Amino acid sequence: MTSRSGRRRVRSALDVNELFAPQRTPTAELPDPAPLLDGLARGVLEVLAGVRDVDQLARWLAEEPYRSLLTRANLAKRARSARQQPARHPAYAIRSVRWSSPADGAVEGVVVVATPGRMRAVAVRLEGMDRRWRATSLAIL
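The rules behind the values
Residue numbers here run from 1 along each chain, matching the order of that chain's written sequence. Reporting in this predicted model follows two pLDDT cut-offs: at least 70 for local features of residues, and 80 or more for side-chain atom pairs to be given and counted; totals over whole chains, interfaces and linings ignore these cut-offs and use all residues. Side-chain calculation: all heavy atoms of the structure are included, whereas hydrogens and water are not. Burial classification: accessible surface area is computed with a 1.4 Å probe over protein chains only, and a residue below 20% of its type maximum counts as buried, one above 50% as exposed, and the rest as partly exposed. Secondary structure elements are taken from DSSP: a helix is a run of H or I of four residues or more, a strand is a run of E of two residues or more, and numbering for both begins at the N terminus. Two strands form a pair only when DSSP identifies at least two bridges running between them.

In terms of residue burial, strand β3 (residues 119–129) counts as a mostly covered element, since eight of its 11 residues are buried. Of the strand pairs in this sheet, strand β2 (residues 106–114) and β3 are connected by nine bridges, and their pairing is antiparallel. Looking at β3, one finds that V107 is bridged to L126. With antiparallel pairing between neighbouring strands as the criterion, β2 and β3 make up a hairpin whose turn holds four residues. Note that β3 and strand β4 (residues 132–140) share eight bridges and pair antiparallel. By the bridge assignment for β4, E127 is matched with R134. Hairpin connection, β3 to β4: the antiparallel pair is bridged by two residues, and D130 has positive phi, about 55°.

Note that every value here comes from positions in space, so none of it alone points to a role or purpose.
Structure follows, in structure tokens:
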């Protein structure tokens, strides 16, 4: 439906939601995902160690991974408190960053991290939304 001025008018709430909902972005319009995968893995380890606030990663996390990380960070904080251990910067080394693209606008990656006690993996699914990558799934193994 158009108005007298020739501009398209929004007819329903569905049209409004489509206009203001996150817009998918194709891979060609997004930056290289490897630096973000590396940075997210480092940030997640620092959040769990208690030296970084989870809100600092909120920009790159969708709601579900954000809430999951927040819950896990709170549990780690309680465990440190029960053992009377202060938060310390974690000692780790990034061993590899690997990713593949199962679909346009989506990347699934894994960052292998060596800590003094063991090797860990941070698995991340990134999706292009609003012209930037956002993590829609996050797992620390």
